[in-house]
Amino acid sequence: MTNRMPAVFMGHGSPTLALDNNEFTRGLAQVGRQIVARHGKPKAALVVSAHWFTNGWLVQTDPKPEQVYDMYGFPQELYDFKYPVDGSPELAQRVLDLTGADFGTKADSPTTWGIDHGTWTTLCHVFPQADVPLVQLSVNRQADAAQSYQMGKRLAALRDEGYLLLASGNVVHNLYRVTWNMPADGYDWAKDFNATVRDAVLARDDDRVVNAAKLPNYKKAAPTPEHFLPLVYMLGASQGERPQVFNDSLDLGSIAMTGLAFGM
C-alpha cells in the first residue's frame, strides 16, 4: 500500500448516471475499490468539477455542503437521490494555502456552491457510502489551459498528505450533437479526438493536451472548455505518471466517458 493518493479524471455523462447500473458505473466503482485497496481510504477528496465554472478560482468550504441539482427535465427519482457527504474545511484551507492569490483564487467562507451533479453522479459509485469528505474547486473561466495545468501542479502536494484528487469532466462534450439513440457509441470525429487525447496522455505528451485547441475536431469536441479543462488539472498534478484507463468509450454520440487514473 502506497501513501501517495492518486489523481483521477472521471468522465461523466447524463445526470441519470447516478441511477444507472452499466459499464460506466461499474468502471467508476472498480476505481473506487482499487483506490481503497491500494492506498487506503482518503482523508478527503478535492474535486475539480466542470459544472462549477467561475470567474477566478473558488473553493467550497462548507462542512455540510448542499447537494446541488443543477440540471432540468429529468425524472423525479433523480431529484430525490441523496449523496449526504460531508465537506472538509481542513482540506479547503490547504487548497487556499497552496494556491495563493496570484492566480486570482477567491474564497467566500462558505461559498454559495455545494456538491454539483458532475460530482455526486460519479462519486456515488466511487464511494457509495458517502464516507469520503469532499471539497470542490471551481474551473476558472479566466484561466487558459496552461494556467490550469500550473494550478494542477500546485495541488499535487495534497496527494502526499492523504488527500485524493479528482476531476469530473469529459474529453469530448458537445451537447448540441447528443444523439439519444446512440448509447455507448460515438461519432467518428468524437472517437478520433478522444483517442488522440487519450494517447497523448498515455505518452505523457502534456504539451499536446494543454494545446489541444490546435487539434482537429477540437471545436466540435469542446465547443466550450469547462468539461475539457479538468483533465488538464490532473495532468498538472501527476507529473510523468502514466495512467490507468477506464470507461474508454463514447456515449450518446458526442460525450466521452473516458477516465484516467494516475498513480494507481
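Scroll up to find the structure this text is about.
Residues numbered from 1 in each chain as written. Predicted model: local features only at pLDDT ≥ 70, side-chain atom pairs only at ≥ 80, totals over all residues. Heavy atoms only, no water.

Enquirer: So what exactly am I meant to see when it comes to the sheet that holds strand E2 (residues 44-54) here?
Expert: Pairing between sheet strands relies on hydrogen bonds along the backbone, with the strands arranged either parallel or antiparallel. Here we have six strands laid out as an open sheet, ordered E5-E2-E6-E1-E10-E7, and mixed in their pairing. The open sheet has two free edges, formed respectively by strand E5 (134-140) and strand E7 (244-246), since each of these has just one partner strand. Each adjacent strand pair in this sheet contributes to an overall mean axis angle of 25 degrees, direction not counted. Both strand E1 (residues 7-11) and strand E6 (residues 163-169) contribute to a ladder of five bridges, which runs parallel. Along E6, the bridge assignment pairs Ala7 with Leu165. (Pairing = 2+ DSSP bridges. Helix = DSSP H or I, 4+ residues; strand = E, 2+ residues; numbered from the N terminus. Axes fitted to C-alpha atoms, helices over the stretch in contact; angles between N-to-C directions.)

Enquirer: I keep staring at the packing of helix H5 (residues 145-155) against helix H9 (residues 229-236) and nothing clicks. Help me out?
Expert: Geometry of a packed helix pair, given as the angle between the helix axes and the separation of the axes. At a closest axis distance of 6 Å, the pairing of H5 and H9 adopts a crossing angle of 45 degrees. With respect to each other, H5 and H9 are oriented oblique. As H5 packs across H9, the resulting crossing turns out to be right-handed. Seen from H5, the contacting residues are Ala145, Ser148, Tyr149, Met151, Gly152 and Lys153; seen from H9, they are Leu229, Val232, Tyr233, Leu235 and Gly236. Within the contact of H5 with H9, the residues separate by chemical class into seven nonpolar, three polar and one charged. (Parallel < 35°, antiparallel > 145°, perpendicular 65-115°, else oblique. Left-handed = near helix turned anticlockwise from the far one by under 90°. Contact = heavy atoms within 4.5 Å. Nonpolar A, V, L, I, M, F, W, Y, C, P; charged D, E, K, R; others polar.)

Enquirer: Would you mind going over the environment of Leu46 with me for this structure?
Expert: Structurally, the position occupied by Leu46 is in strand E2. Sequence separation between Leu46 and Met264 is 218 residues, and the spatial gap between their C-alpha atoms is 17 Å. In this view, Leu46 contacts Leu91, Val95, Val135, Gln136, Leu137, Leu155, Leu158, Leu164, Leu165 and Leu166; residues no more than four positions away in its chain are not counted.

Enquirer: Can you help me understand the pairing of E1 in this one?
Expert: Side chains on a regular strand alternate between the two faces of the sheet. Counting buried positions along E1 yields five of five residues, so the element is predominantly enclosed. Sheet analysis places E1 next to strand E10 (residues 259-262), joined by three bridges and oriented antiparallel. Looking across to E10, one finds that Val8 is bridged to Ala261. (Buried < 20%, exposed > 50% of the residue type's maximum accessible area, 1.4 Å probe, protein only.)

Enquirer: Hey, could you run me through the pairing of E2 in this one?
Expert: The buried count for E2 comes to nine of 11 residues, which makes it a mostly enclosed element. With six bridges joining them, E2 and E5 adopt parallel strand pairing. Counterpart to Leu46 in the pairing with E5 is Val135.

Enquirer: Please clarify how the layout of surface pockets should be interpreted in this entry.
Expert: Any empty space left between the atoms is revealed when a probe the size of a water molecule rolls over them. Approximately 350 Å³ is the volume attributed to the largest pocket. Classifying every residue of the lining of the largest pocket gives eight nonpolar, eight polar and one charged. (1 Å grid on protein atoms, 1.4 Å probe; cavity = no way out; pocket = protein on both sides within 12 Å on 5 of 7 lines; lining within 4 Å. Points joined across faces, edges and corners; volume = space filled by probe spheres on them.)

Enquirer: Would you take a moment to explain the side chain of Asn140 for this structure?
Expert: Looking at where Asn140 falls in the secondary structure, it is placed in strand E5. In this structure Asn140 comes out as buried when scored by relative accessible area, which is 2%. A polar contact is formed between the side chain of Asn140 and the backbone nitrogen of Gly56, at a distance of 2.9 Å. Side-chain polar atoms of Asn140 contact the backbone nitrogen of Gln142, separated by 2.8 Å. (Polar contact = N/O pair within 3.5 Å; in protein donor to acceptor, adjacent residues only side chain to side chain.)

Enquirer: I'm lost on the packing of aromatic side chains in this one. Help?
Expert: Here a ring pair, both rings aromatic, is described through the centre-centre distance and the interplanar angle of the planes. Throughout the structure, instances matching the rule amount to eight aromatic pairs. Aromatic pair Phe81 and Trp120: ring centres 5.8 Å apart, planes at 20 degrees, arrangement stacked. Taken together, the residues Phe81 in the loop between helix H2 (76-79) and helix H3 (89-99) and Trp120 in helix H4 (residues 117-126) connect sequence positions 39 residues apart. Overall, Phe81 belongs to the partly exposed group, its relative accessible area being 21%. An aromatic cluster of three or more residues is present, and its members are Tyr69, Tyr79, Phe81 and Trp120. (Phe/Tyr/Trp six-rings, centres within 6.5 Å; stacked < 30°, edge-to-face > 60°.)

Enquirer: Would you mind going over the packing of helix H1 (residues 23-39) against H4 with me for this structure?
Expert: As a packed pair, H1 and H4 sit with axes 7 Å apart at the nearest point and diverge in direction by 60 degrees. Here H4 runs oblique to H1, going by the angle between their axes. Between H1 and H4, the residues in contact are Thr25, Leu28, Ala29 and Gly32 and Thr122, His125 and Val126, respectively.

Enquirer: Help me out: how do you make sense of the pattern of salt bridges in this one?
Expert: Pairs can form between side chains of opposite charge whenever their charged atoms are close. In the structure shown here, the tally under the stated rule is 11 salt bridges. Of the charged contacts, one joins Asp160 and Arg4 as a salt bridge, the two residues approaching to 2.9 Å between their closest N and O atoms. You can see Asp160 sitting in the loop between H5 and E6 and its partner Arg4 sitting in the segment before E1, a full 156 residues away along the chain. Of the residues examined, Asp160 reaches a relative accessible area of 52% and is grouped as exposed. What makes Arg4 partly exposed here is its relative accessible area of 30%. (Salt bridge = Lys/Arg side-chain N within 4 Å of Asp/Glu carboxyl O.)

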